[in-house]
Structures are given as structure tokens and as C-alpha cells.
Amino acid sequence: MEQAPRDPERQLQPAPLEPLGHPDAGLQSAVGEEAEGARDESPGEGTMTENNFWLKKIEISVSEAEKRTGRNAMNMQETYTAYLIETRSVEHTDGQSVLTDSLWRRYSEFELLRNYLLVYYPHIVVPPLPEKRAEFVWHKLSADNMDPDFVERRRIGLENFLLRVASHPILCRDKIFYLFLTQEGNWKETVNETGFQLKADSRLKALNATFRVKNPDKRFTELKHYSDELQSVISHLLRVRARVADRLYGVYKVHGNYGRVFSEWSAIEKEMGDGLQSAGHHMDVYASSIDDILEDEEHYADQLKEYLFYAEALTVRTFSLKGMTTKLFGQETPEQREARIKVLEEQINEGEQQLKSKNLEGREFVKNAWADIERFKEQKNHDLKEALISYAVMQISMCKKGIQVWTNAKECFSKM
């Protein structure tokens, strides 16, 4: 028998953050106090104040990544990366931050957590995960998902995902999220026992609610157009950045030819030899500096990618359904017709009551969804502003270093 889907109001209620049967009293106490306060708040009243944030009680980090080999569901050997998650209680009697929990998670488990959050919190802009495979790479950057540099950037992205969830006034209180950080064994089974997959499947059966809306909220229509445009703009920006990185890499590396030529030239000169040798050294240093520069740039690119994936999450997918006509053959008796009309009247009355209930639920959903979108807008504006300013500062610093290299070379030439 098919299991009945959970109460739809669960979508509008944050799951209380109740640590169940965990041995560590420090983390239990820290999180438990926050969860107790959360029960007195409405999910639609979350603000960007630190009082709502779980991060005020604990510190979360993804401290390292480890390459492993194991068997998948098909009993085939596979190589994957596991990530070490550490949580620390911020408030302790001795004033020190003490390690309370550490466990390993695969990327697929992060995906499972996010899918669960998407299903149970449809009115919330759930933070995206970092890319599973490298996108918008320039030709010297490896696209291999096992490349150490890529794994390191993804580690940072996964940590950022957890911090985003932990800093969200509603998501941070979810018990499954808490167990993700503290329960290494049987966590997947716990997630599946929530029935979230059944709820996800039941959404497909209720699509009529989507394509029967005759007067959709204009704010969400405008949001869809904005998210489409934001996705397009960030995609173009990342492509331009990749092309610039390619050319910049070439320009810097060409300076290594200056270094080689000056060194060879110094070998045949007596009076000018030292100056040429020093100038060649400065050119070699300049040429080799591009590797670290572009590696730093990748972190800024990853910040843009996060909002590229956010834009994808904001996109509202629309559906269309062609009308269908049904023809009845044969004639009805008056008794059959009267009985059918009575059944239809009962169904209409029942449908009207359900419509009233769904209208109330829909208005509450829109209220909560829009409140979270406003929170997201504030976060987006702040983060993108900081990322672009930091990128500009880095470019200015890079140009200053180039000027300094040529200034040093000029001084070397002056001493010849």
C-alpha cells in the first residue's frame, strides 16, 4: 500500500533541531539551546540577525580531503574523494574552542542533504553545492575532478555550503542537517526514513496546481526573468575571465624568454654582465608568478559560480498541458443522470473546500518564499560586491608588481 505523503504544512515549518542520543554534551547543549529558542519563532520571521544563526553556537569546517577507493552499488571498484567535516563548540567554560565531532562525507552525501532540503523547504532558496566537475576552465587548468587543486577548491566550496545552511535562520534548525554533521553511520537510512523521496514523487502528481494558475504573482514572474538574465551575465563573465586568463598566462610566460635572453647576453659581456643577469632574474620571477596569481583568481571565479548555481535554483520552471476532450457514448437513464449529477455536486463542494484550504496554504507559502528571497537578495548584493571589489584589488596589485619588475629591470640597466 502506498504510504501517504506527509502533512503539507511540514513544508512551511522548520524541523526542530533536536540532537538525539549523541554522546557529546558540549555540542548537545550548544545546539539544544538554539533549537529551543527556534521553536518560539515563526518560519516566516527569520531575519539576517546573528541571534537566529546556529553558527553563533558552533564552528563548522571541512578541514581536509582524502582520495579513497571502494565498491559502489554495482559492486564495481571506484575512486572517490571523502571530505572531513569538523564541528567545534564555540562556548566552553574554559573559554577554549574544543573539537567535538569529526566525520567523513562523500560529495554524493552532500547532494543527498541538499535534495532533502529542496523537498522539505520549497519556499527557501537552498544554497547550491560547488561544481562536481570543473567548468569555465582555461587551457592550463585541469578539468580532472581528482586534480588536487580542483579538489581543494571544491573542499572550500563544500565548507561554504555548510556555512550557508548553518547561517540560514530556518535551515540551520533541521534535524537531518544536524545529523549530517554528527552521525556518520546510518545517516542515509535516516534521510530515507523521512519519506522525502515519496514527497518529491508526489509533487509530480500535483503539477495541476502549477499549470492551472491563471494569475501568477508578478513578483515571481519578474524573479524568473531576473534569474535567467543573471545566469546569462555570470556565464558570459566567467567565459571572458577564462579567455583573459589564457592570454595573461601567455604574456607572463613570454617574460621568461626575456630572462633567458638577458642571461645568455650577460655571458658575453664584461661590464654589462651583472646588470643583464639581475634583469634576467627579475624577468624569471615575474614569469613564474602567474601560476599563483591565476590560482588565486580561481577562488574569485568560484564565488561567481556559486551565484551562477543560485540563479539556476531561482529559475521557475513552467509547464504546459494541452486540453483533453472526452466523449461519452450511449444514452443515460434519468436515474443514472440524477445520480451522476449528485456525485458531481458533492465533488464540487469538496473541491471548493479544498480550494479554500489550498488558497490559504498558497498565500502562506508565497509570504514565506518572498521573505526568504528578500534575505537572499541582501546576501547576494553583499557577496557579489565584495567579490568584485576583491578581484579588482587583486588585479591592481598584480599590475603594481609588473611595474615593480620593470622598475627593477630599469635600475639594473642604469647600473651597467
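Computed from a prediction, not measured in an experiment: that's the story for all the values here.

A. Geometry of the overall build of the protein chain. The helix and strand inventory of the protein chain stands at eleven helices and three strands. Pairs at least 24 residues apart make up 75% of the contacts formed inside the protein chain by residues separated by at least 6 positions.

B. Quick look at the pattern of salt bridges. Under the definition given, this model contains 18 salt bridges. One salt bridge in this structure joins Asp-383 and Arg-164, with 2.6 Å as the shortest N-O distance. Of this pair, Asp-383 sits in helix H11 (residues 334-414) while Arg-164 is found in helix H3 (residues 148-166), placing the two residues 219 residues apart along the sequence. This pair shows no difference in class: Asp-383 is buried, exactly as Arg-164 is.

C. Fine view of the nonpolar core. One finds Ile-85, Leu-113 and Leu-162 to be the most contacted residues of the largest nonpolar core, which totals 35 residues. Secondary structure elements with two or more residues in this core: strand E1 (58-71), strand E2 (77-89), helix H2 (107-120), H3, helix H4 (175-182) and helix H5 (187-193). Here this core gets eight residues from one element, more than from any other, and that element is H2. With residues up to four places along the chain from it excluded, the contact list for Ile-85 reads Ile-60, Ser-61, Val-62, Asp-101, Ser-102, Leu-103, Arg-105, Phe-110, Leu-162, Phe-180 and Leu-181. Grouped together as the second largest cluster of nonpolar side chains are 19 residues, Leu-238, Leu-308, Phe-309 and Ala-311 included.

D. Examining the environment of Arg-105 more closely. Examined against the element boundaries, Arg-105 turns out to sit in strand E3 (residues 98-106). For Arg-105 and Tyr-83, which are 22 residues apart along the polypeptide, the C-alpha to C-alpha distance reads 5.3 Å. Excluding anything up to four places from it in sequence, Arg-105 contacts Thr-81, Ala-82, Tyr-83, Ile-85, Phe-110, Leu-179, Phe-180, Gln-183, Glu-184 and Trp-187. At a separation of 2.9 Å, a polar atom in the side chain of Arg-105 contacts the main-chain carbonyl oxygen of Phe-180.

E. Spatial organisation of unusual backbone geometry. The residue Asn-186 is not glycine, and still its phi comes out positive at about 65 degrees. Along the chain, Asn-186 falls in the loop between H4 and H5.

F. The layout of surface pockets, seen in detail. Taken as a whole, the second largest pocket encloses approximately 380 Å³ of empty space. Together, 22 residues line the second largest pocket, and Gly-157, Asn-160, Asp-302, Gln-303 and Glu-306 are the ones closest to its centre. Among the elements of the structure, H3, helix H10 (290-314) and H11 are those that each provide at least two residues to the lining of the second largest pocket. Looking at side-chain class alone, the lining of the second largest pocket contains ten nonpolar, four polar and eight charged residues.

G. Geometry of H2. With 14 residues, H2 extends 20 Å from end C-alpha to end C-alpha; this agrees with the ideal 20 Å at 1.5 Å per step. Along H2, ten of the 14 residues are buried, which leaves the element largely enclosed by surrounding structure. Every buried residue of H2 is accounted for by Tyr-107, Glu-109, Phe-110, Leu-112, Leu-113, Arg-114, Tyr-116, Leu-117, Val-119 and Tyr-120.

H. A look at the packing of aromatic side chains. Summed over the entire model, instances satisfying the criterion amount to 13 aromatic pairs. Ring centres of Tyr-300 and Tyr-391 lie 6.1 Å apart, and the angle between their planes is 75 degrees; this geometry places the pair in the edge-to-face category. One end of the pair, Tyr-300, is in helix H10; the other, Tyr-391, is in helix H11, with 91 residues separating them in the sequence. Classification of Tyr-300 by relative accessible area gives partly exposed; the value is 21%. It is Arg-105 that lies over the ring of Phe-180; its NZ or CZ is 4.8 Å from the centre. Residue placement shows Arg-219 over the ring face of Trp-370; its charged tip is 4.7 Å from the ring centre.

I. The packing of H2 against H4, seen in detail. Running from amino to carboxyl end, H2 crosses H4 at an angle of 170 degrees, the nearest separation of the two axes being 10 Å. Between H2 and H4, the interaxial angle falls into the category roughly antiparallel. Note on element contacts: H4 touches H2 through Ile-176, Phe-177 and Phe-180, opposite Glu-109, Phe-110, Leu-113 and Tyr-116. Its residues placed into classes, the contact of H2 with H4 shows six nonpolar, no polar and one charged.

J. Broad picture of the environment of Lys-367. Note on placement: Lys-367 falls in helix H11. Expressed as a C-alpha distance, the spacing of Lys-367 and His-123, which sit 244 residues apart in the sequence, is 8.9 Å.

K. Summary view of the packing of helix H8 (residues 218-266) against helix H9 (residues 273-288). At their nearest, the axes of H8 and H9 sit 7 Å apart, and the two run at 160 degrees to each other. If you check the angle between H8 and H9, you find them roughly antiparallel. Every pair of crossing elements has a handedness; the one defined by H8 and H9 is left-handed. Contacts from Tyr-252, Lys-253, His-255, Gly-256, Tyr-258, Gly-259, Arg-260, Phe-262, Ser-263, Trp-265 and Ser-266 of H8 reach H9 at Gly-273, Leu-276, Gln-277, Ala-279, Gly-280, Met-283, Asp-284, Tyr-286, Ala-287 and Ser-288. Across the contact of H8 with H9, the residue classes tally to nine nonpolar, nine polar and three charged.

What counts and what doesn't
- All chains use their own residue numbering, which begins from 1 and follows the written sequence.
- Side-chain atom pairs in this predicted model are given and counted only at pLDDT of 80 or more, local residue features only at pLDDT of at least 70, and totals for whole chains, interfaces and linings cover all residues.
- Values shown for side chains rest on all heavy atoms present in the structure; no hydrogens or waters enter the calculation.
- Each helix is a run of DSSP H or I of at least 4 residues and each strand a run of E of at least 2, with the numbering of both proceeding from the N terminus.
- Residues are treated as being in contact if the distance between any of their heavy atoms lies within 4.5 Å.
- Any Lys or Arg side-chain nitrogen found within 4 Å of a carboxyl oxygen on Asp or Glu counts as a salt bridge.
- We call a residue buried when its accessible area falls under 20% of the maximum for its residue type, exposed when it is over 50%, and partly exposed in between, using a 1.4 Å probe and counting protein chains only.
- Among the buried residues, those of types Ala, Val, Leu, Ile, Met, Phe, Trp, Tyr and Cys that are joined through side-chain atoms within 4.5 Å form a nonpolar core.
- Pairing of N or O atoms within 3.5 Å defines a polar contact, subject to two protein rules: one partner must be a possible hydrogen donor and the other a possible acceptor, and residues neighboring in sequence count only if both atoms are side-chain atoms.
- Put simply, the grid is 1 Å and covers the protein atoms alone, a cavity is a trapped set of points that fit a 1.4 Å probe, a pocket is an open set with protein on both sides within 12 Å along at least five of seven lines, and lining residues have an atom within 4 Å of a point.
- Grid points are joined across faces, edges and corners, and a volume is the space filled by probe spheres set on the points.
- Three classes are used: nonpolar for Ala, Val, Leu, Ile, Met, Phe, Trp, Tyr, Cys and Pro, charged for Asp, Glu, Lys and Arg, and polar for all others, with Gly counted as polar.
- What a helix should span is 1.5 Å times the count of its residues minus one.
- What counts as a ring pair is set by centres within 6.5 Å for rings of Phe, Tyr and Trp (its six-membered ring), and what kind of pair is set by the plane angle: stacked under 30 degrees, edge-to-face over 60, tilted for all other angles.
- We call a charge positioned above a ring when the Lys NZ or Arg CZ atom is no farther than 6 Å from the ring centre and deviates by at most 35 degrees from the ring normal.
- Simply put, an axis is a line fit to the C-alpha atoms, just over the touching stretch for a helix, and the angle between two N-to-C directions goes from 0 to 180 degrees.
- Roughly parallel refers to an angle under 35 degrees, roughly antiparallel to one over 145, roughly perpendicular to one between 65 and 115, and oblique to any angle outside these ranges.
- Note on convention: near helix rotated counterclockwise from far helix by under a right angle means a left-handed crossing. Clockwise means right-handed.

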